[in-house]
Every structure is written in C-alpha cells, then in structure tokens.
Amino acid sequence: AEFYHASQAPNVASLEKRSPMIEAELEFKCHEARYKTVRLYDFIYKHYCFPIGWEDFLGVVREEIEQNISPKLFKDAQVFRIEPPMVDVFNAFKVSHNNVRAVILGQDPTPQAGKATGLAFSLKPGVEPSTVPSVFNMLVELKWEGIPVGLSNGDLTPWLGQGVLLLNSALTVRRGNVAQANSHRAVWKGFTKSLVNYLDKASEPAAWLLWGNEAQTFAQYISKEKHMIKAGAHPRFTTGFYGRNYFRCANEFLQSKDRGQIDWSLLENPESVATFLEGCKADGLGQR
C-alpha cells in the first residue's frame, strides 16, 4: 500500500474532505514542522499531518493531545531537542488499524541523534544495527528463531505492508544519551492506553509482542481471549529477551485465526558490514 500524510493526498484530507476553509491549511508542509514552533495538536487537527485511516481514534484522543501532550512537548522543545523529528512521530500509524496483524510494543525511541524513525526498533536504511543494541538483539532473536535476516539491516519497513504495527509506549524522547530514556513516558501514557484499548476492540485477532516492563503494563487492556500476548524483557537486555520464540508464535497464532503469516525475513546490507567492522590490526586490548 502507498503511505502518505493526509496533506499530500490528492483529493482528501485526513479528518474531512477538502473545503474552501481548509484548502489553505493543506499548503502547510508537514515535513518542515518542528516541535519548537508547531504544536502537535495543530500538526494533527489543523494541518492534517497524520496517516489516513485513524480518524475515529483521533477523535478519542483529541482532548488528551490538546490538553496534555501538545503543551508539554511544546514546552519541552524550547529547552531540549526531541526525537524523532515531528514528521516521523506517527510513522507507525501508516498501518491502518483494519490491517493490523501484529503489534510490537517497546519503550520509547532511541535518544541518539538522528536514529529514531517513529517505528519501534526500526532504523533508517544504511544505519548499522549494532550501534543501537535493542535493534541488534532483536535481529539476533529473529536469526535464532531460524528466520533469514541480515544482522547489518535494521530497516523494518517491509513489515508495515504486512500489518505489523511498530509502536513505542512513548512516541518521543529527549535527544541525548541513555539518561534521557523514558523522559517522555508520562507524556504519552494516556495516549498509549487509549490506543491499546482502541486496537483491542477495533482490530481483528492480532499477535501482541510486549518487550520491556513499560510495554507489559499495557497487557491489562488486551483481551487474551481475542489476541495473543507474548512478552519478554526489553531487547536492550539479553537475559529475559532471547529465546521466547516471538515471531514464530505470532505466525502460529495468526495461522490459527485464518489471518495468514508474516514474512519476518530481512535482507542483508553488505555495504554496512564492510564499512563498520573493526580492522584486523586493532587488537581490542582494554575492552570490557
């Protein structure tokens, strides 16, 4: 499926059909929006910069975004840089709720500059996965389950068209080092609760993969009679994450519900491996 922001759609805005009143708003360039100058509420409800297909849900969370998320992010952005860029913050929603077959729920985006994509555990093409441990460990788990993946490719966008929602519990984070992790957890808590509740009822039976303590707090809003839940530690750790058979169990569940299977395989990125690996003359002494 082709994905685009509503402002780029030829005939339809995200929340309503075009009218003379909103025609001028569609001239707004979503990709130029910045947290420091554009309020998230306006980004969504005034400029229609949200993937299409989520209009009902946007009605559910409108007050939460207006009164809580938007003012807090705007205030925080006056002091801190925020990841991912505003244009990418809702990338996970390029999968319509009608098509969701699996949900991978993590913690929050990596705070490293320029590496968060708005898709949980997914990197831009060409970014070396070993620089983001949670992504690399997820790829190792895939390979451990016998799924053909390249450990040098952390681009998970091929999964989107198969109905995989790559979601973080918090959609944003302050840019910086690991100390900034969870810096926006409280900001998004109500939004994510509403989203999980909404998907629980609106989507067909789906496989929910909950990674980390924060993600697992949302299990209480998921019907175990309808959906599959498979939880583990956050993949930034190895103990408690590896060996849970998440991806194969997800496919087994989907097959049992006549929803087909997901092709989890990922191609290798040979250019990345050749340029990143350490040279043979480096002895590695002093490494912990």
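My aim in this report is to walk through the structure given alongside it, one point at a time. (Residues numbered from 1 in each chain as written. Predicted model: local features only at pLDDT ≥ 70, side-chain atom pairs only at ≥ 80, totals over all residues. Heavy atoms only, no water.)

Brief notes about helix α5 (residues 133-144)
Here is step 1: Counted at 1.5 Å a residue, the expected span for α5 with its 12 residues is 16 Å, and the 16 Å between its end C-alpha atoms agrees.
Here is step 2: Regarding α5, the residues found buried are S134, V135, N137, M138, L139, E141 and L142.
Here is step 3: Here the buried face of α5 lies against β5 (207-211) and α8 (246-256).
Here is step 4: Among the residues trailing α5, G146 stands out with phi positive, at a value near 85 degrees. (Helix = DSSP H or I, 4+ residues; strand = E, 2+ residues; numbered from the N terminus. Expected span 1.5 Å × (residues − 1). Buried < 20%, exposed > 50% of the residue type's maximum accessible area, 1.4 Å probe, protein only. Contact = heavy atoms within 4.5 Å.)

As for the packing of helix α4 (residues 62-77) against helix α6 (residues 185-202)
Here is step 1: Where α4 meets α6, the closest approach of the two axes is 10 Å, and the angle between their N-to-C directions is 155 degrees. Classed by the angle they form, the pair α4 and α6 counts as roughly antiparallel. Handedness of the crossing formed by α4 with α6: left-handed. Two secondary-structure elements touch here, α4 through E64, I65, N68, I69, K72 and L73 and α6 through V187, W188, G190 and F191.
Here is step 2: Among the residues making up the contact of α4 with α6, the classes are represented as six nonpolar, two polar and two charged. (Axes fitted to C-alpha atoms, helices over the stretch in contact; angles between N-to-C directions. Parallel < 35°, antiparallel > 145°, perpendicular 65-115°, else oblique. Left-handed = near helix turned anticlockwise from the far one by under 90°. Nonpolar A, V, L, I, M, F, W, Y, C, P; charged D, E, K, R; others polar.)

Things to note about the pairing of β5
Here is step 1: With five of five residues buried, β5 is to be regarded as a mostly interior element.
Here is step 2: Examined bridge by bridge, strand β2 (residues 102-106) and β5 share four bridges and lie parallel to one another. Considered in β5, the bridge of L105 is made with L210.
Here is step 3: Alignment of β5 against strand β6 (residues 228-232), held across five bridges, turns out to be parallel. What sits directly across from L209, in β6, is K230. (Pairing = 2+ DSSP bridges.)

Notes on the pattern of salt bridges
Note on pairing: side chains with opposite charge can pair once their charged atoms come close.
Here is step 1: Under the defined criterion, the tally for this structure stands at four salt bridges.
Here is step 2: One salt bridge connects D76 with R174, and the closest N-O pair in it is separated by 2.9 Å. Of this pair, D76 sits in helix α4 while R174 sits in strand β4 (residues 173-174), and the two are 98 residues apart along the sequence.
Here is step 3: With relative accessibility at 12%, the residue D76 sits in the buried group.
Here is step 4: By relative accessible area, R174 is classed as partly exposed at 22%.
Here is step 5: R175 is paired through a salt bridge with E83; the nearest N and O atoms lie 2.7 Å apart. Taken together, the positions of R175 in the loop between β4 and α6 and E83 in strand β1 (residues 82-83) put the pair 92 residues apart, joining distant regions of the chain.
Here is step 6: One network of salt bridges, with partners in common, ties together R185, K189 and E214. (Salt bridge = Lys/Arg side-chain N within 4 Å of Asp/Glu carboxyl O.)

Regarding the pairing of β2
Here is step 1: Within β2, five of the five residues are buried, which leaves the element mostly enclosed by the surrounding structure.
Here is step 2: Judged by which residues are buried, β2 turns out to be covered on both faces: A102, I104 and G106 on one side and V103 and L105 on the other are all buried.
Here is step 3: Examined bridge by bridge, β2 and strand β3 (residues 164-168) share five bridges and lie parallel to one another. In the sheet register, V103 faces β3, and the bridge partner there is L165.
Here is step 4: One crossover worth recording links β2 to the parallel β3 by way of α5, and it is right-handed. (Right-handed = clockwise from strand over helix to strand, strands pointing away.)

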